[in-house]
Structure formats: structure tokens, C-alpha cells
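Here is how the chains run, residue by residue.
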Amino acid sequence: MNDDTLHAIATAPDLRELQALRVRLLGKKGELTEGLKSLGALPPEERRARGAALHERKRAVEAALEARKAALERAALDARLAAERLDLTLPGERVPAGAHHLLTQVTNRLLDVFASLGYEVVVGPELEDDRHNFGALNFPPDHPARDTQDTFWTTDGRLLRTHTSPMQVRYMESHEPPFRVVVPGRVFRNEAVDATHEAQFHQLEALVVGERITMADLKGAITEMATALLGSGTRTRLLPTYFPFVEPGAEFAIWWQHPKTGREEWLELGGCGMVHPRVFEAVGYEGVTGFAFGFGIERLAMVSYQVSDIRDLFRGDLRLLEQFRGVA
Ligand code: DAH
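Just so we're clear, the structure is a prediction, and the values are computed from it rather than from any experiment.

Conventions and cut-offs
- Residues numbered from 1 in each chain as written.
- Predicted model: local features only at pLDDT ≥ 70, side-chain atom pairs only at ≥ 80, totals over all residues.
- Heavy atoms only, no water.
- Domains from an automatic or database assignment.
- Near = heavy atom within 4 Å.
- Polar contact = N/O pair within 3.5 Å; in protein donor to acceptor, adjacent residues only side chain to side chain.
- Areas by Shrake-Rupley, 256 points an atom, 1.4 Å probe, with all protein chains shown as cover.
- 1 Å grid on protein atoms, 1.4 Å probe; cavity = no way out; pocket = protein on both sides within 12 Å on 5 of 7 lines; lining within 4 Å.
- Sits in = over half its atoms within 2 Å of the grid points.
- Helix = DSSP H or I, 4+ residues; strand = E, 2+ residues; numbered from the N terminus.
- Nonpolar A, V, L, I, M, F, W, Y, C, P; charged D, E, K, R; others polar.
- Core = buried A, V, L, I, M, F, W, Y, C linked by side-chain atoms within 4.5 Å.
- Buried < 20%, exposed > 50% of the residue type's maximum accessible area, 1.4 Å probe, protein only.
- Contact = heavy atoms within 4.5 Å.
- Axes fitted to C-alpha atoms, helices over the stretch in contact; angles between N-to-C directions.
- Parallel < 35°, antiparallel > 145°, perpendicular 65-115°, else oblique.
- Phe/Tyr/Trp six-rings, centres within 6.5 Å; stacked < 30°, edge-to-face > 60°.
- Lys NZ or Arg CZ within 6 Å of the ring centre and 35° of its normal.
- Salt bridge = Lys/Arg side-chain N within 4 Å of Asp/Glu carboxyl O.

Enquirer: Please explain the domain arrangement of the protein as it appears in this structure.
Expert: Reports of interface size often rely on the accessible area that becomes lost once the parts have come together. You can read the domains of the protein as domain 1 (3-84) and domain 2 (102-324). Put simply, the middle of domain 1 and the middle of domain 2, counted by C-alpha atoms, are 92 Å apart.

Laid out in C-alpha cells, this is it:
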């Protein structure tokens, strides 16, 4: 045995090789082990000197093995730590956050207002039947009022609802008064599409039924909504008009300052009125009165946020949509 051995230990490339060296030197049949075993066969004076040398050699080998083992283990740990190293100062990956569509924001804003006034939010089907969309709302079969609400029909005689008013009928068919509900939803018309007309748009409908509900309650509800949207002191106006399912019927407007021109003017929003007795009759209600109103959400959103073409609201163009992140 010579210092090549210590050198081999000191440069063993890994723990396996090191273990092989240990076995070769110190194992049961290892070189040093055999040397120590053979001491007994020597004459005493030779045995002492040889024994001392072998023991010292064994200690040196053991120390070298330990040192190399520690070095190899340290190197392995260092490599692992380097591989697992995390630079916590690196900036995180930015996930682009989505946002609600302008129409959704305006709708949610309106629903918040009505929820705070004690209204329940309900929704109805977009595919309707004639009775709910027209018949029970007092549109007789050949009445010209139907012409203003041309729509798309399925081959089995159903239609895409032209307004959210059919949900008035559906709600009353399955609930007893008194109640206050609002109905947001998508509606459809067979329109020639242009900057202010789309074949689909959204409405918000309100229906309040109970004992002795009056037109003053209707005016109050519309004024509350306008106040919540535009601030206190907001005025509202009702002008008589005709809708088959209300009597009297009116169109309503709110007095506001146009965000673009700065002029104060009436913003015509939608229709309203006292629920027609024939509608109550159609759903089997007696001894109650009620009011209803409904209006287009696109129009309110467009004038409020100066969107000049209704088609832009349905194009999904991010350049437009991103301008309305969190506005309403
Ligand atoms: N449904 C009507 C429309 O789309 C709007 C409307 C008018 C709703 C009068 C109402 C109402 O609830 O009372 O043209």
C-alpha cells in the first residue's frame, strides 16, 4: 500500500467508488484487514513494529475515507441547492385580468339599486311562446302592436322573446302577491341592423304587485332608480303612451346632463304603466294592483359612456372593451 491509495480515496469520483475502495481496504477480506490478521504469524518484535505501522495506516485510511465522504456529500448537497435555487426577487408573471363587459357592469349597477330597494332578481327563458310574449300581455292575435315587435320564430311556433315583459306573466303564474321583482335579460327583434338597432339587445323589467299599489309608487320607483344612478335631485317625467299590457301607460324619461354635449335634457329610457286588468285576469289575480316598467340597457350604457355604435358592444373588440374596465 502506498500513497496512491490515499490519492485514490481523495479523488474518488462518487460515493459508490468510495465504498468500493473502503471494501477493498477495510472489508472482511480487505488489504489492511488481511495485513492485521497476518500479524499473529510474525515473531513478537517484528509484530510490534509492523502492527503499529498497520494501525497508523488504518487510521490514515479511515480519516481519508471520512474526509472524502464528507466532501462528496457536501458537493451533492450544494448541487441540489443550486438546482432548487429560487430567486424570490424576480418579478412574478403577470396574468392579464379579465373584466366585466360594459353591459354587464351597467346591468349589475342597476340590479344593485333594485336589490337595495327590496326587489328580487329573477330571469326567464329567451325562447318563449306566443302566450307569454304576447297573448297574456293583452296583444290580441291580429293587433298592430305586434308589428312593432317582429322577431324570429321556430318551426314549432315558438319565438325569441321580443321583451322581458313575458317574465311578468311567468312570475305571476307561479307566485302570489305582494312582491317586487326585476328581470334583466336578452331580447330579440327582427331589425334592420344599424348604429342604433341590433337584432339582440338587453332590457331590464320591473314588476311590483300588491294591494293599493298606485301610479305614485311607479313614479317613486323610477325616481329612486334615477337618483341612485345620477344623484339626488334627479327629475323624472312620464308621458302618456300606449302599451297593451298597461293602463294607463307611459314612456318615462330622466332629466340629465348629456355627458358629451353637456346640455341638460330629457333622456327617454323606456315604457311603464299600471298593470292592465286583462293581464291580471290572464294569471288569475284578483283584488290587487301593480305597476311595471321596462327599458333598454344598451341605450343607457351607450349614452352614459358615449358608445356611438351599438354593434361595437357585440363585436368583442378588446380595443373598445378595455376602455370600459370597471367604469360602472
Ligand atoms: N316591453 C316594452 C317594450 O319592449 C317596454 C315596456 C313598456 C315594459 C311598458 C313595461 C311597461 O313593463 O310597463 O317595448
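Enquirer: How should the site of the ligand be read in this particular structure?
Expert: His163, Ser165, Arg189, Gln203 and Glu205 are the nearest of the 16 residues found near the ligand. Contact distances for the ligand include 3.3 Å between an oxygen atom and a side-chain N or O atom of Gln168. Within the backbone of Ala292, an N or O atom sits 3.1 Å from an oxygen atom of the ligand. About the coverage of the ligand: the protein hides 92% of its 360 Å² of free accessible area. Taken atom by atom, the bulk of the ligand overlaps the largest pocket. Elements with a minimum of two residues in the shell around the ligand: strand 5 (200-210), strand 8 (264-275) and strand 9 (289-296). Here the shell around the ligand is composed, by residue class, of six nonpolar, eight polar and two charged.

Enquirer: Looking at this model, I keep getting lost on the nonpolar core. Mind explaining?
Expert: Among soluble globular proteins, nonpolar side chains are generally buried collectively. The biggest cluster of nonpolar side chains holds 39 residues, and the ones touching the most others in it are Leu110, Met225, Phe291, Phe293 and Phe295. Those elements that place two or more of their residues in this core are helix 5 (102-116), strand 5, helix 8 (215-230), strand 7 (246-257), strand 8, strand 9 and helix 10 (297-305). Setting aside residues up to four positions removed in sequence, Met225 forms contacts with Leu110, Val113, Phe114, Phe252, Leu269, Phe293 and Phe295. Within the second largest apolar cluster, 25 residues are counted, among which are Leu137, Leu159, Val183 and Tyr285.

Enquirer: So what exactly am I meant to see when it comes to the packing of helix 5 against helix 10 here?
Expert: Each pair of packed helices gets described by two things: the angle between the helix axes and the distance between those axes. Closest axis-to-axis distance for the helix 5/helix 10 pair is 10 Å, and the angle between their directions is 105°. Overall, the two elements helix 5 and helix 10 adopt an arrangement that is roughly perpendicular. Contacts between helix 5 and helix 10 involve Leu102, Leu103, Val106, Thr107 and Leu110 from the first element and Ile297, Glu298, Leu300, Ala301 and Tyr305 from the second. Residue classes in the contact of helix 5 with helix 10 are distributed as eight nonpolar, one polar and one charged.

Enquirer: Hey, could you run me through helix 10 in this one?
Expert: Quick reminder: α-helices carry 3.6 residues per turn. Residues three or four places apart thus point the same way. Looking at helix 10, one finds that the buried residues are Ile297, Glu298, Leu300, Ala301, Met302 and Val303. Looking one or two residues beyond helix 10, the residue adopting positive phi is Gln306, at roughly 55°.

Enquirer: For this particular structure, what's the right way to read the packing of aromatic side chains?
Expert: The description of an aromatic ring pair rests on the distance of the ring centres and on the angle between the ring planes. Applying the stated rule across the entire model yields twelve aromatic pairs. Plain terms: the ring middles of Phe114 and Tyr119 are 5.0 Å apart, the flat faces sit at 70° to each other, and that makes the pair edge-to-face. Comparing Phe114 with Tyr119 shows no difference in burial state: the two are buried. On the basis of an interplanar angle of 25° and a centroid distance of 5.9 Å, the ring pair of Phe280 and Tyr285 is categorised as stacked. Tyr285 carries the same exposure label as Phe280, and that label is buried. Here the aromatic residues Phe114, Tyr119, Phe252, Phe291, Phe293 and Phe295 are joined through ring pairs into a cluster of three or more. Of note, Arg235 hangs over the ring of Trp255, and the distance from its end group to the ring centre comes to 5.3 Å.

Enquirer: Help me understand the pattern of salt bridges, please; the structure alone is not making it clear to me.
Expert: As a working rule, side chains carrying opposite charge can pair if their charged atoms are close by. In this structure the tally under the stated criterion is 17 salt bridges. The shortest N-O distance in the salt bridge between Glu268 and Arg237 comes to 2.7 Å. Remark: Arg237 occurs in strand 6 (residues 236-241) and Glu268 occurs in strand 8; sequence separation between them is 31 residues. Salt bridges sharing partners connect three or more residues here, namely Glu128, Asp129 and Arg170.

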